[in-house]
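Close look at the chain arrangement
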There are 2 protein chains.
Amino acid sequence: MQNRLKGVWAAALTPQKADLSADTAAMVAHHKWLLANGCDGVALGGTTGEANSFSVSERRELIDAVQAAGIAGDQMMVGVGCCAIPDTVELTKASLAAGYGNVLMLPPFYYKGVSDDGLFAAYAEVISRVGDERLRIYVYDFPKMTGLEISTELLVRLNDAFPNTIVGVKDSSGRVEDMLAVCEAIPGFGTFAGTEQFLLPVLQAGGAGCISATANVTCAVSAAVYQAYLADNGDGEAAQERATAVRLMLQAYGAIPSMKEAMAVHTGNPAWRHMRPPMVPMATDAAAKLAGDMAALGFTLPLAA
Amino acid sequence: MQNRLKGVWAAALTPQKADLSADTAAMVAHHKWLLANGCDGVALGGTTGEANSFSVSERRELIDAVQAAGIAGDQMMVGVGCCAIPDTVELTKASLAAGYGNVLMLPPFYYKGVSDDGLFAAYAEVISRVGDERLRIYVYDFPKMTGLEISTELLVRLNDAFPNTIVGVKDSSGRVEDMLAVCEAIPGFGTFAGTEQFLLPVLQAGGAGCISATANVTCAVSAAVYQAYLADNGDGEAAQERATAVRLMLQAYGAIPSMKEAMAVHTGNPAWRHMRPPMVPMATDAAAKLAGDMAALGFTLPLAA
């Protein structure tokens, strides 16, 4: 098996200017802050990064920006999955050309009620068109957003057909039993929980770690889980309990607006609240409630951003 | 109110070559066949046209092809709704530049659980960025595919804010009561049922007609409903009964593969079966069953294609 990525990954936010263009300087600074504060890597252009609200050419600019900033290939996973195969292929090639062979790939997500044969055909078509042995695909399974289920059987089938290319999954189903089933079915597969809530059990089952929206702010408390697991020092359960408490508090608010609100408060920079429709910033009262919930848990973000 | 479109519209299929590029010559020929056989207009680049499986530049080529073929502005509605606002804006501008001011616009459909404020903001942002008084938007409400609900209240709000721009809806909810509620709430609005099954009740409630996937093959039987309604000759109910029977038979098969299969058989051209993943052609046994069901209803496609 070819997965080499491990640990705590943030599905990074995309800071934006007032005109809703990406603020790539702020984005790269945020990535570096995450990497300095507990994240093993950054997923660029995932759901939390509002990637599907950006055009392909805009997304290529984000890839170019992280490359120019010198973020290493083993610290970067690039979201590339679009509805249209030509778009997915273009983004994947651009990622590879920038030195980022690890990609996070949604299935084509417009159509629902699609067969496993259809989903398999979509991944196979992309792999064939990209035609690059350096490619490492992490299947992005997020049923709430895609309306599609990526079954364990389909992952096994994809990994069997493309053992050096389909090397992992980000499982954002919220169902830990599904994650553990994949860990068992495909030893060595890069199984990432889509939430730090299930980081420890997934690691214990042989999985790779987590890639999480809320890791944009929980990086340090999530890293404590991973470090305790690596050290095997008996602190894992307590660290997981803490990470889970913070995660569950945050996720009740919906990831993107609440993460951007938290970063705006943390950095003192209101520009963090910019986001593209259909996302809208938190209302003032909800933001105040979030601040109260964070204080009640004694949760603060690490260091100055 | 500014809706001027009426009658039976097909959400047209997109014929493809073996490499899955669009066969624009075959596409334009299909459009002309539809217009010659009962369709009042053609929706280019809807769900049935696999539009979201094509890149923005590919979709612009489709627009250019219908323009080059001389298809009239009042016979064409162009699908333009993407996940990313810049893509929707680019396609909308391209459509307008080609002389097609009537567009069918999905809301940004990746994110679920989105507020009405967020959906309103998305349409408002597109209208502002396009900045063209010739624009006529038909909101595309297809909850099964988008996972989003466009409520009557949201349509009223959009029409109130943009009375000359947001002029209609394609309601593919499958709920006739929703369609009738919109007809009542916004007199003169271009309310199109997403299925010929509800063509007559929507027309009788003051709606505009239907835009339907299955109209790719039911064009003539659907047109019979509209013509009977216009003539007010008492034949409407019987025509509707016939159209409904054919529609319900067809829709049980899933629109795209079954419509392409029917066209392949009708034209004798197996290239009609080409489609992009995640869509896959019908299995042979399902295709045989479809042919049997069509025969059992005595249903054939009109004329030679």
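Residues numbered from 1 in each chain as written. Chains lettered and ligands numbered in written order. Predicted model: local features only at pLDDT ≥ 70, side-chain atom pairs only at ≥ 80, totals over all residues. Heavy atoms only, no water.

1. Quick notes on the side chain of Thr 14 of chain A
With respect to the helices and strands, Thr 14 of chain A occurs in the loop between strand S1 (7-11) and helix H1 (24-36). With a relative accessible area of 1%, Thr 14 of chain A lands in the buried category. (Helix = DSSP H or I, 4+ residues; strand = E, 2+ residues; numbered from the N terminus. Buried < 20%, exposed > 50% of the residue type's maximum accessible area, 1.4 Å probe, protein only.)

2. Section: the packing of helix H9 (residues 215-231) of chain A against helix H10 (residues 236-251) of chain A
All names here are of chain A. Following both chains from N to C, one finds H9 and H10 inclined at 155 degrees, their axes separated by 8 Å at the closest point. Our classification of the angle between H9 and H10 gives roughly antiparallel. In the packing of H9 onto H10, the handedness of the crossing is left-handed. Facing Val 217, Thr 218, Val 221, Ala 224, Val 225 and Ala 228 of H9, the residues of H10 in contact are Gly 236, Ala 239, Gln 240, Arg 242, Ala 243, Val 246 and Leu 250. Residues belonging to the contact of H9 with H10 are distributed by class as follows: 9 nonpolar, 3 polar and 1 charged. (Axes fitted to C-alpha atoms, helices over the stretch in contact; angles between N-to-C directions. Parallel < 35°, antiparallel > 145°, perpendicular 65-115°, else oblique. Left-handed = near helix turned anticlockwise from the far one by under 90°. Contact = heavy atoms within 4.5 Å. Nonpolar A, V, L, I, M, F, W, Y, C, P; charged D, E, K, R; others polar.)

3. Some thoughts on the interface of chain A and chain B
At the junction of the two partners, chain A supplies 42 residues and chain B supplies 42 residues. The junction of chain A with chain B conceals about 3000 Å² of combined surface from both sides, 68% of it contributed by carbon and sulfur atoms. When the area that chain A buries against chain B is broken down by residue, the three leading residues are Tyr 110, Tyr 111 and Pro 278 of chain A, summing to 27%. Applying the counting rule to chain A against chain B returns 0 salt bridges. Connecting chain A to chain B are 10 residue pairs in polar contact (both at pLDDT 80 or more). If you list the elements that add at least two residues to the side of chain A that touches chain B, you get helix H3 (85-97), helix H4 (116-130) and helix H5 (143-146) of chain A. Per-element accounting of the side of chain A that touches chain B gives the leading share, 7 residues, to H4 of chain A. (Buried area = accessible area lost by both parts, 1.4 Å probe. Salt bridge = Lys/Arg side-chain N within 4 Å of Asp/Glu carboxyl O. Polar contact = N/O pair within 3.5 Å; in protein donor to acceptor, adjacent residues only side chain to side chain.)

4. A look at the sheet that holds strand S5 (residues 136-141) of chain A
All names here are of chain A. With parallel pairing, the 8 strands of this closed barrel are ordered in space as S1-S2-S3-S4-S5-S6-S7-S8. Pairwise comparison of adjacent strand axes, ignoring direction, gives a mean angle of 25 degrees for this sheet. Note that strand S7 (residues 190-193) and strand S8 (residues 209-212) share 2 bridges and pair parallel. Along S8, the bridge assignment pairs Ala 193 with Cys 210. Each of strand S4 (102-105), S5 and strand S6 (166-171) is contacted by H4, which is oriented at about 155 degrees to S5, the strand it contacts most. (Pairing = 2+ DSSP bridges.)

5. Observations regarding the side chain of Asn 3 of chain A
All names here are of chain A. Inspection of the secondary structure assignment puts Asn 3 in the segment before S1. A distance of 3.0 Å separates a polar side-chain atom of Asn 3 from the backbone nitrogen of Leu 5. Reaching out from Asn 3, the side chain makes a polar contact with the side chain of Tyr 138 at a distance of 2.4 Å. Contacts of Asn 3, omitting those with residues within four sequence positions, involve Tyr 138, Val 167, Gly 188, Phe 189, Gly 190, Phe 192 and Ala 208.

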